[in-house]
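# Reading the structure
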2 protein chains.
Amino acid sequence: MRSSAKPPSVKLPAKPLRRTARAPAPKPYHHGDLRRVLIDAALQLVGEGGPDAVSVREAARRAGVSPGAPFRHFPSRDALMNAVAEEAQRRFRAEIEAALAEAPANNPANNPPNNPLGRFRSLGLAYLRWAMKNPTHFEIISSRRFFDHDKAAGVSQDNAELIDLAERTLAEAFAQGQLRSADLKQVQIAGRALVYGFARMNIDGHFPRWGVADAEGTAEAILDLFIEGIAKVPGRSA
Amino acid sequence: MRSSAKPPSVKLPAKPLRRTARAPAPKPYHHGDLRRVLIDAALQLVGEGGPDAVSVREAARRAGVSPGAPFRHFPSRDALMNAVAEEAQRRFRAEIEAALAEAPANNPANNPPNNPLGRFRSLGLAYLRWAMKNPTHFEIISSRRFFDHDKAAGVSQDNAELIDLAERTLAEAFAQGQLRSADLKQVQIAGRALVYGFARMNIDGHFPRWGVADAEGTAEAILDLFIEGIAKVPGRSA
DNA sequence: TTGTGAATGTAAGCATCGATTACACGGATT
DNA sequence: AATCCGTGTAATCGATGCTTACATTCACAA
């Protein structure tokens with residue numbers, strides 16, 4: 001797995017090759033956008049074998065570049081993983097907000113359409129759906145070990161935005177008298193813990209043989225259980 | 001950091017050294033109980049720098065043994081980590097059950113002493129306390145990646161016992177009319193997700209600067225929130 | 001008691017990895 | 001056009017997981 005298709009005599013002191021007819025791109029010395037390509041390669045590696053399967057050398061290999069090149073862009077493997085995690089978190093937030101925007105009104109259980117508690121449910125469901133559809137991406141952004149813990153208190157901006165959104169939605173729900181408890185902070189933490197825990201249990205392998213159907217169905221069920229638990233007038237169902 | 005205090009000429013064809021007066025144990029060729037010592041060393045390494053900080057060579061070093069020796073007992077690093085995870089899980093279950101046995105009656109919120117729902121709460125609290133007190137141990141047993149996923153469906157026996165305990169307790173609570181929902185499976189999964197999620201969020205660094213007091217207090221608070229949510233007659237508090 | 005085989009350790013070596021250093025290239029600024 | 005500096009290459013280092021060949025010693029049987 002060492003040298004596959006790279007004849008070691010490509011370096012010519014003069015520059016005689018002029019991109020003659022069929023020469024398939026003379027491989028420019030500078031890559032163009034290596035940093036981006038490295039992050040993408042690393043993300044792909046994460047998707048194939050988890051975060052531990054990411055090696056700087058393999059990323060360089062896939063980018064068609066020498067093993068030392070990545071260190072021009074990332075001072076260490078950890079720095080690369082940091083960038084990878086931030087990119088994944090960016091995509092996560094973008095997709096969550098997109099999912100919320102496109103389906104704001106389909107909250108099957110709660111009473112008026114588009115009410116705060118229903119949106120809270122939708123937020124949790126979008127979170128869970130994304131996490132279960134992108135388990136490896138979710139793994140690197142959930143385990144905070146890949147984030148720089150000196151910068152931004154160890155919590156990325158995109159993550160803080162999502163938490164804010166959840167907090168605001170809960171505040172609205174409380175203002176409309178939908179919540180039983182007045183301690184919004186605790187409700188928010190409990191909700192996060194529930195959703196986060198379910199997602200991680202899936203990823204960590206606590207439900208060995210589940211189809212996506214089981215997972216999605218149970219996700220909705222426990223979400224409803226929780227929402228009913230924090231809502232006022234919790235009876236009505238059964 | 002290579003050769004520290006081991007003169008390379010210790011092997012004598014004959015055996016002239018007879019354990020004369022001050023020879024501090026002639027370092028027997030066979031270790032005695034290397035397997036156990038390796039697991040302990042690995043556990044210690046996990047406690048120092050997390051699971052990734054465990055290396056077979058370092059464990060061998062701490063056991064005072066050559067770098068290849070561990071492979072007589074574990075065919076691979078993964079096998080060592082597997083044994084480590086099972087040992088940690090064993091201790092986890094033992095301590096949970098001990099904690100439950102010693103304090104069965106102090107359930108502050110629920111009505112009759114030693115009722116099922118109260119015991120369910122105690123179980124969750126013991127779980128959370130242990131996880132927050134032994135974060136690295138909890139990490140290797142929660143992330144199922146260190147368990148052999150061919151054997152026992154990827155779930156260790158000790159873990160299954162704990163789940164059973166939770167399930168039985170919930171069934172008792174339902175039989176006594178303490179639960180609002182009849183779907184015990186979902187209640188159980190939701191409870192597990194909540195507790196698991198909170199523990200992991202702590203470990204994964206989602207609550208950057210918390211004292212143990214904050215963590216324990218919030219743990220109890222969200223536990224109570226959940227219990228009230230699944231209990232019948234949920235009002236009464238505020 | 002003695003011999004022998006299996007268990008368990010050592011020594012040496014391979015490939016891979018992260019990381020560093022010296023050097024080569026070439027685009028951008030002047 | 002000359003130069004500078006960002007970016008890539010080549011070579012190398014130490015550490016790691018793992019394998020192979022050899023050494024030692026324990027346990028059991030004759």
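Before reading on, note that the structure itself is shown above.
A short tour of the structure in this document, coming up. What you see is a predicted model, and the numbers here were worked out from it, not measured in a lab. (Residues numbered from 1 in each chain as written. Chains lettered and ligands numbered in written order. Predicted model: local features only at pLDDT ≥ 70, side-chain atom pairs only at ≥ 80, totals over all residues. Heavy atoms only, no water.)

### A look at the side chain of Arg121(B)
Its location among the elements puts Arg121(B) in helix α4 (residues 116-133). In terms of polar contacts, Arg121(B) uses its side chain to reach the side chain of Glu220(B), at 3.1 Å. (Helix = DSSP H or I, 4+ residues; strand = E, 2+ residues; numbered from the N terminus. Polar contact = N/O pair within 3.5 Å; in protein donor to acceptor, adjacent residues only side chain to side chain.)

### Concerning the relation of the copies chain B and chain A
By a simple turn and slide, chain B fits onto chain A: the slide is 0.0 Å along the axis, the RMSD is 0.0 Å, and the turn is 180°. When the rotation and shift are considered jointly, the pair of chain copies conforms to a two-fold rotation axis. When the interface residues of chain B are mapped onto chain A, 100% of them again lie at the interface, so the same face is used by both copies. (Least-squares fit on C-alpha atoms with pLDDT ≥ 70 in both. Contact = heavy atoms within 4.5 Å.)

### Structural notes on the packing of aromatic side chains
Residues and elements named next belong to chain A. Evaluation of the coordinates by the stated rule reveals 16 aromatic pairs over all chains. When the ring of Phe-92 is compared with that of Phe-138, the centres are 6.3 Å apart and the planes differ by 70°; the resulting orientation is edge-to-face. Taken as a pair, Phe-92 in helix α3 (residues 77-102) and Phe-138 in helix α5 (residues 135-142) lie far apart in primary sequence, 46 residues in all. Seen in terms of ring centroids, Phe-198 and Trp-210 are 6.1 Å apart; in terms of plane orientation they differ by 45°. Their pairing is tilted. Of this pair, Phe-198 sits in helix α7 (residues 184-204) while Trp-210 sits in the loop between α7 and α8 (212-230), and the two are twelve residues apart along the sequence. What makes Phe-198 buried here is its relative accessible area of 0%. (Phe/Tyr/Trp six-rings, centres within 6.5 Å; stacked < 30°, edge-to-face > 60°. Buried < 20%, exposed > 50% of the residue type's maximum accessible area, 1.4 Å probe, protein only.)

### Section: the protein's contact with DNA strand D
The full set close to DNA strand D counts 21 residues, and Ser66(A), Arg72(A), His73(A), Arg57(B) and Arg77(B) are the nearest of them. Note that a phosphate oxygen of DNA strand D is positioned 2.4 Å from one of the backbone N or O atoms of Ser66(A). Here a base nitrogen of DNA strand D sits 2.5 Å away from a polar atom, N or O, in the side chain of Arg57(B). Considering each element in turn, the surface near DNA strand D owes the most residues, three residues, to helix α2 (residues 56-62) of chain B. (Near = heavy atom within 4 Å.)

### As for α7(A)
All names here are of chain A. With 21 residues, α7 extends 29 Å between its outermost C-alpha atoms, agreeing within 8% with the 30 Å of an ideal straight helix rising 1.5 Å per residue. For α7, the tally of buried residues reaches 15 of 21 residues, placing the bulk of the element in the interior. Looking at the residues trailing α7, positive phi occurs at Gly-205, about 90°. (Expected span 1.5 Å × (residues − 1).)

### A closer look at the interface of chain B and chain A
Contacts between chain B and chain A engage 37 residues on the former and 37 residues on the latter. Interface area, chain B with chain A, both sides summed: about 3,300 Å², of which 65% is carbon and sulfur. If you sort the residues of chain B by the area they bury against chain A, Arg180(B), His206(B) and Leu225(B) come out on top, with a joint share of 18%. At the surface where chain B touches chain A, the tally comes to six salt bridges. Across the pair Arg145(B) and Asp52(A) runs a salt bridge whose closest N-O atoms are separated by 2.7 Å. (Buried area = accessible area lost by both parts, 1.4 Å probe. Salt bridge = Lys/Arg side-chain N within 4 Å of Asp/Glu carboxyl O.)

### Overview of the nonpolar core
The biggest cluster of nonpolar side chains holds 126 residues, and the ones touching the most others in it are Phe198(A) and Phe198(B). Dropping the residues within four chain positions of it, Phe198(A) is found in contact with Leu128(A), Met132(A), Phe207(A), Trp210(A), Ala215(A), Thr218(A), Ala219(A), Ile222(A), Ile189(B) and Ala193(B). (Core = buried A, V, L, I, M, F, W, Y, C linked by side-chain atoms within 4.5 Å.)

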